Amino acid sequence: RSHCTRGGGRRQKQRCEGEAKSSVSVPRGTCMTMCPAYELRQRELQNRLHRFEVLTGTEHDRLPRADVSRTVKEYSRPAAGKDSTRATDLRPPDILLKTVYYLVDDIAASSTLHPWTEVYSFVFDRLRSVRQDMIIQRISGPECVAVLERTVRFLLFASYRLCGQPLRLFDSCINDTHLQECLSWLLECYREGQHQHQEEFQALSLLYNLGSAQAVQHVLELPGSVRLSPPVRLALAIGRAYVERNPVRLLRLARRLDFLQGCALHRHLLPCRRDLLLLYSHGHSSRNCRFPIQKLADILSLESSLTAQLCRAHGIHVGGEWVIFSKGSFTESLSEELQCAQMHRLLEDKQQDLTVSDIIHGVA
Amino acid sequence: PSSRIKMAHITINQYLQQVLEAIDTRDGVFCAELLSFKHPHVANPRLQLSSPEDKCQQVLEPPYDEMVAAHLRCTYAVANHDFVEAYKCQTVVVQYPSLGGSVQLNHLFFFRALPVMFAVTLDLRIFANNAEQQLLKKGKGKVGDMLEKAAEQLMSCFRVCASDNRAGIDDSKKWGMLFLVNQLFKIYFKINKLHLCKPLIRAIDSSNLKDDYSMAQRVTYKYYVGRKAMFDSDFKLGLNHISPEDYLSFSFQHSHRSCQRNKRLILIYLLPVKMLLGHMPTNQLLRKYDLLQFADVTKAVSEGNLLLLNEALTKHETFFIRCGIFLILEKLKIITYRNLFKKVYHLLKTHQLPLDAFLVALKMMQVEEVDIDEVQCILANLIYMGHIKGYISHQHQKLVVSKQNPFPPLSSVS
């Protein structure tokens with residue numbers, strides 16, 4: 001009979017015990033600056049500082065100096081042989097939150113740093129590094145929630161602000177991936193304890209994930225106090241309008257959203273408007289009938305010139321003040337020129353006097 | 001042929017001898033029983049040992065000694081109601097049937113090991129569930145953590161089965177695939193990660209054995225796939241090539257007559273699907289399967305009574321949400337609109353219907369905040385879906401319907 005030496009039960013038991021021991025020693029960061037000293041020196045020497053991190057006056061030196069008050073730990077991919085758990089390289093929760101505040105107030109909300117695509121890239125990366133520190137140290141609790149909430153608001157805002165930017169400057173897919181990750185993590189945090197902004201974010205999750213049965217199911221299983229809160233009720237109502245396929249109702253309800261909620265819903269607006277035109281093309285299909293453009297513009301929440309453009313792009317006949325719907329002539333394909341970015345008026349109106357700082361920290 | 005002594009009273013040595021005999025005679029079924037928590041031996045205090053390793057080593061060859069030792073440690077843990085420990089032991093047990101052919105093992109693990117695999121993986125899932133419940137009660141642990149880990153182990157077993165390309169189809173481990181897939185479905189549905197079902201469905205669909213598995217396994221499989229299809233298309237039923245109605249109907253029809261509980265469970269999902277297609281269940285059926293929660297919903301939809309529908313959905317909200325069908329039942333509103341508007345048509349006896357009439361009807365149903373624009377949209381959608389034959393004239397504020405069959409029967413509209 002052959003002897004098997006692999007996968008010994010005894011060894012497995014020991015491994016289990018060993019695992020239990022190591023889970024006690026979770027890394028605890030001791031780095032009290034936004035960037036660990038080691039990394040700062042390294043990047044300085046290798047000329048890998050970001051221009052936002054460079055000490056004023058040294059920008060044109062052969063080796064620009066780092067401004068310690070503005071250098072932030074960057075995200076680095078975990079790699080074999082790289083120890084990411086050194087305490088001196090990890091920032092504790094309060095420093096992480098301070099870092100996020102800096103990134104929001106001094107970078108994202110800055111009126112002098114341009115272009116915003118570069119601001120976005122920098123903040124995106126540095127926020128990712130903050131999350132990495134949180135993961136390594138298994139941080140949960142109020143600082144974690146505060147960090148994640150601001151990250152979600154930032155990414156939502158960016159998805160609207162940079163809509164229409166070329167791919168090399170802003171990748172909406174990557175933004176979406178990270179947004180979903182942060183939302184999931186945040187919603188997971190909300191499972192325990194009380195959280196001041198939970199309703200806000202449950203609603204944002206619903207709006208962002210319009211049409212997702214799983215997102216709605218998740219909310220339906222929440223305690224009544226959250227489920228019945230105004231933002232969640234509105235988000236659910238918008239979701240219902242979507243499921244019932246009533247874009248008129250959806251767009252009407254959307255007018256009640258605040259700016260950030262609008263950002264969350266924003267990527268669904270153009271498809272929703274398109275759907276309305278599709279339904280009306282079938283529902284109002286008659287050669288003898290005309291539909292007033294102004295009315296159409298009202299229910300689409302668009303200016304009439306853009307409404308006319310959108311109709312033409314979908315093969316809908318536009319004649320002066322009227323359109324003529326016909327189910328045969330509606331075309332799905334959208335011509336290149338018509339971008340979502342042109343149709344942002346609904347959201348611009350909501351933004352009004354809000355500063356970027358207000359938006360990301362959350363207006364009280 | 002082995003003599004099966006009263007399992008609840010045998011000694012540890014007698015038990016181990018039984019195991020040895022099962023292995024020697026390649027009796028996979030009996031071996032499975034000796035490792036299964038459905039079998040009475042697990043209640044035998046003489047077998048509930050915290051350190052049975054030495055005893056096992058004396059009688060059994062590796063790796064069976066360690067596998068059985070882990071099993072016995074598990075019975076000890078279960079006797080102490082420590083399901084977290086039980087789960088840990090069971091993970092040790094499960095790794096053996098999942099070992100691939102590259103290891104020089106005793107032939108039991110090549111032939112007829114499937115009953116063993118079935119028994120130990122089932123117990124793994126059950127213990128993962130119990131362990132999670134135990135942790136949650138203590139305020140520790142997260143829902144899904146242990147189940148996800150269990151799923152990983154089950155996936156290893158699945159991969160071993162799926163990759164069994166040896167000749168001799170009778171003994172092929174491929175026969176284990178559907179059982180394991182069903183176990184995995186149960187976990188994925190519990191932890192709400194339905195997307196993980198997709199590769200499994202693909203694997204089974206492309207398998208040449210798919211129609212040859214036992215009916216019980218196929219019924220379970222179709223039930224889960226049907227349920228998943230309901231959520232997949234985010235309720236735009238019919239866009240997926242998997243028809244939830246077909247799958248769930250199959251499941252319902254072929255599930256065992258005597259198993260009322262299973263039939264009821266399938267019906268919970270089949271009913272909404274059928275109702276969306278215009279097939280309303282009879283009260284008789286609902287009573288038979290104790291599903292009277294659907295009775296008011298059915299009545300409301302048939303009558304076009306939106307008010308009653310909203311009341312019914314609210315009244316049984318908890319039940320519908322727990323089952324995960326609340327959302328699909330909301331889709332019935334469209335059918336309800338159709339039925340309500342059909343009544344308006346019959347009332348007014350004209351094929352040029354003022355839009356206002358529909359608005360009045362909705363307001364009578366206490367539908368909140370609806371205006372004439374939304375009415376137009378509801379009508380446009382019904383026309384688009386084929387529920388109404390006609391067109392809307394905005395200028396005349398009228399719905400002009402076909403003189404022939406303007407409200408085609410629901411079943412004829414796909």
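Residues numbered from 1 in each chain as written. Chains lettered and ligands numbered in written order. Predicted model: local features only at pLDDT ≥ 70, side-chain atom pairs only at ≥ 80, totals over all residues. Heavy atoms only, no water.

- The name that an unreviewed UniProt entry assigns to chain B is PCI domain-containing protein 2, with the source organism given as Electrophorus voltai.
- Chain B has a UniProt comment under Sequence similarities (unreviewed entry) that states "Belongs to the CSN12 family." (UniProt positions renumbered as here; feature names shortened; annotations may be inferred.)

- By the naming in an unreviewed UniProt entry, chain A is SAC3/GANP/THP3 conserved domain-containing protein, taken from Electrophorus voltai.

1. With respect to the overall build of chain B
Logical step 1: A count of helices and strands for chain B gives 20 helices and 3 strands.
Logical step 2: Taken over the C-alpha trace, chain B has a radius of gyration of 28 Å; the compact-globule value for 414 residues is 22 Å, which it surpasses by more than 25%.
Logical step 3: Across its three principal axes, chain B shows a C-alpha extent of roughly 95 × 50 × 35 Å.
Logical step 4: In chain B, of all internal contacts separated by at least 6 residues, the share reaching a separation of at least 24 is 60%.
Logical step 5: When the accessible area of chain B is evaluated, it comes to approximately 18,700 Å², of which 52% is carbon and sulfur surface.
Logical step 6: In chain B, 50 positive and 38 negative side-chain charges are present, and the distance between their average locations comes to 6 Å. (Helix = DSSP H or I, 4+ residues; strand = E, 2+ residues; numbered from the N terminus. Rg over C-alpha atoms; globule rule 2.2 N^0.38 Å. Contact = heavy atoms within 4.5 Å. Areas by Shrake-Rupley, 256 points an atom, 1.4 Å probe, with all protein chains shown as cover. Lys, Arg positive; Asp, Glu negative; His and termini not counted. Charge placed at Lys NZ, Arg CZ, Asp CG, Glu CD.)

2. So, the packing of helix α10 (residues 230-243) of chain A against helix α11 (residues 247-254) of chain A
When two helices pack together, their arrangement is captured by the angle between the axes and the distance separating the axes.
All names here are of chain A.
Logical step 1: Relative to each other, α10 and α11 sit at 160°, their axes nearing to 8 Å. Between α10 and α11, the angle is such that the two are roughly antiparallel. Of the two elements, α10 crosses α11, and the hand of that crossing is left-handed. Contacts between α10 and α11 involve L234, A237, I238, A241 and Y242 from the former and R249, L250, L253 and A254 from the latter.
Logical step 2: Among the residues making up the contact of α10 with α11, the classes are represented as 8 nonpolar, no polar and 1 charged. (Axes fitted to C-alpha atoms, helices over the stretch in contact; angles between N-to-C directions. Parallel < 35°, antiparallel > 145°, perpendicular 65-115°, else oblique. Left-handed = near helix turned anticlockwise from the far one by under 90°. Nonpolar A, V, L, I, M, F, W, Y, C, P; charged D, E, K, R; others polar.)

3. With respect to the environment of D232 of chain B
Logical step 1: Among the secondary structure elements, D232 of chain B is positioned in helix α10 (residues 215-232).
Logical step 2: For the pair D232 of chain B and L49 of chain B, spaced 183 residues apart in sequence, the C-alpha separation works out to 47 Å.

4. Structural notes on the UniProt feature "domain: SAC3/GANP/THP3 conserved" (unreviewed entry) in chain A
Logical step 1: What UniProt calls "domain: SAC3/GANP/THP3 conserved" (unreviewed entry) maps, in this numbering, to residues 34-318 of chain A.
Logical step 2: Taken end to end, residues 34-318 of chain A is 59% helix and 1% strand, and its two terminal C-alpha atoms sit 57 Å from one another.

5. Some points on the pairing of strand β3 (residues 398-401) of chain B
Residue and element names in this part refer to chain B.
Logical step 1: Across 3 bridges, strand β1 (residues 352-354) lies against β3 in antiparallel orientation. When the bridges of β3 are listed, L353 appears paired with L399.
Logical step 2: By the bridge criterion, 4 bridges tie strand β2 (residues 390-393) to β3 in an arrangement that is antiparallel. Pairing of S393 across the sheet is with K398, part of β3.
Logical step 3: The antiparallel pairing of β2 with β3 creates a hairpin that spans 4 residues between the two strands, and Q397 there sits at a positive phi of about 50°. (Pairing = 2+ DSSP bridges.)

6. Some words on unusual backbone geometry
All names here are of chain A.
Logical step 1: Cis geometry is adopted by the peptide bond preceding P115, which originates at H114 and carries an omega value of -10°.
Logical step 2: Position of P115 among the secondary structure elements: in the loop between α3 (93-108) and α4 (116-136).
Logical step 3: For S301, which is not glycine, the phi dihedral falls at a positive 55°.
Logical step 4: Examined against the element boundaries, S301 turns out to sit in the loop between α14 (293-300) and α15 (304-313).

7. Here's the deal with the interface of chain A and chain B
Logical step 1: Contacts between the two partners involve 47 residues from chain A, matched on the other side by 48 residues from chain B.
Logical step 2: Note on chain A versus chain B: buried area summed over both sides is about 4,500 Å², and carbon and sulfur give 52% of it.
Logical step 3: At the junction of chain A and chain B, the tally comes to 9 salt bridges.
Logical step 4: E244 of chain A is the salt-bridge partner of K333 of chain B, the closest N and O atoms lying 3.7 Å from each other.
Logical step 5: Remark: the boundary between chain A and chain B carries 13 residue pairs in polar contact (both at pLDDT 80 or more). (Buried area = accessible area lost by both parts, 1.4 Å probe. Salt bridge = Lys/Arg side-chain N within 4 Å of Asp/Glu carboxyl O. Polar contact = N/O pair within 3.5 Å; in protein donor to acceptor, adjacent residues only side chain to side chain.)

8. Some remarks on the sheet that holds strand β2 (residues 317-319) of chain A
Logical step 1: The strand order across the open sheet formed by 3 strands is β1-β3-β2 (chain A), and the pairing between neighbours is antiparallel. Of all strands in the sheet, those bounded by a partner on one side alone are β1 (291-292) and β2 of chain A.

9. Focus: the sheet that holds β3 of chain B
Residue and element names in this part refer to chain B.
Logical step 1: The 3 strands lie next to each other as β1-β3-β2, forming an open sheet whose pairing is antiparallel. The sheet is open, and its two edges are formed by β1 and β2, each paired on a single side. If you compare each strand with its neighbour and ignore which way they point, the axes differ by 25° on average.
Logical step 2: Each of β2 and β3 is contacted by helix α20 (residues 372-385), which is oriented at about 155° to β2, the strand it contacts most.

10. What about the side chain of S159 of chain A?
All names here are of chain A.
Logical step 1: As for its placement among the helices and strands, S159 is situated in helix α5 (residues 142-161).
Logical step 2: In terms of polar contacts, S159 uses its side chain to reach the backbone carbonyl oxygen of L156, at 2.7 Å.
Logical step 3: Aside from chain neighbours lying at most four places away, what touches S159 is F170, N175, C263 and H266.

11. Re the packing of aromatic side chains
Logical step 1: Here the structure, examined in full by the defined rule, presents 27 aromatic pairs over all chains.
Logical step 2: Ring centres 5.8 Å apart and planes at 20° place the aromatic pair Y120 of chain A and F154 of chain A in the stacked group. Taken together, the residues Y120 of chain A in helix α4 and F154 of chain A in helix α5 connect sequence positions 34 residues apart.
Logical step 3: When its relative accessible area of 1% is taken as the criterion, F154 of chain A is described as buried.
Logical step 4: Both rings, one in F37 of chain B and one in F127 of chain B, keep their centres 4.9 Å apart while their planes meet at 90°; by these two values the pair is edge-to-face. Of this pair, F37 of chain B sits in the loop between α2 (28-34) and α3 (53-59) while F127 of chain B sits in helix α6 (residues 114-137); the two residues are 90 residues apart in sequence, bridging distant segments of the chain.
Logical step 5: For F37 of chain B, a relative accessible area of 17% corresponds to the buried category.
Logical step 6: Between the NZ or CZ atom of R86 of chain A and the centre of the ring of Y38 of chain A, over which it lies, the distance is 5.1 Å.
Logical step 7: Positioned over the ring face of Y269 of chain B is R227 of chain B, at 4.0 Å from the centre of the ring. (Phe/Tyr/Trp six-rings, centres within 6.5 Å; stacked < 30°, edge-to-face > 60°. Buried < 20%, exposed > 50% of the residue type's maximum accessible area, 1.4 Å probe, protein only. Lys NZ or Arg CZ within 6 Å of the ring centre and 35° of its normal.)

12. Quick look at helix α5 (residues 83-94) of chain B
Residue and element names in this part refer to chain B.
Logical step 1: In this model α5 runs 16 Å from its N-terminal to its C-terminal C-alpha over 12 residues, within 8% of the 16 Å that 1.5 Å per residue would give.
Logical step 2: Burial analysis of α5 places 10 of its 12 residues in the buried class, which makes it a mostly covered element.
Logical step 3: Restricting attention to buried positions, one finds in α5 the residues F83, V84, A86, Y87, C89, Q90, T91, V92, V93 and V94.
Logical step 4: For α5, the N-terminal cap is D82; the gap from its side-chain oxygen to the backbone nitrogen of V84 is 3.3 Å. (Expected span 1.5 Å × (residues − 1).)

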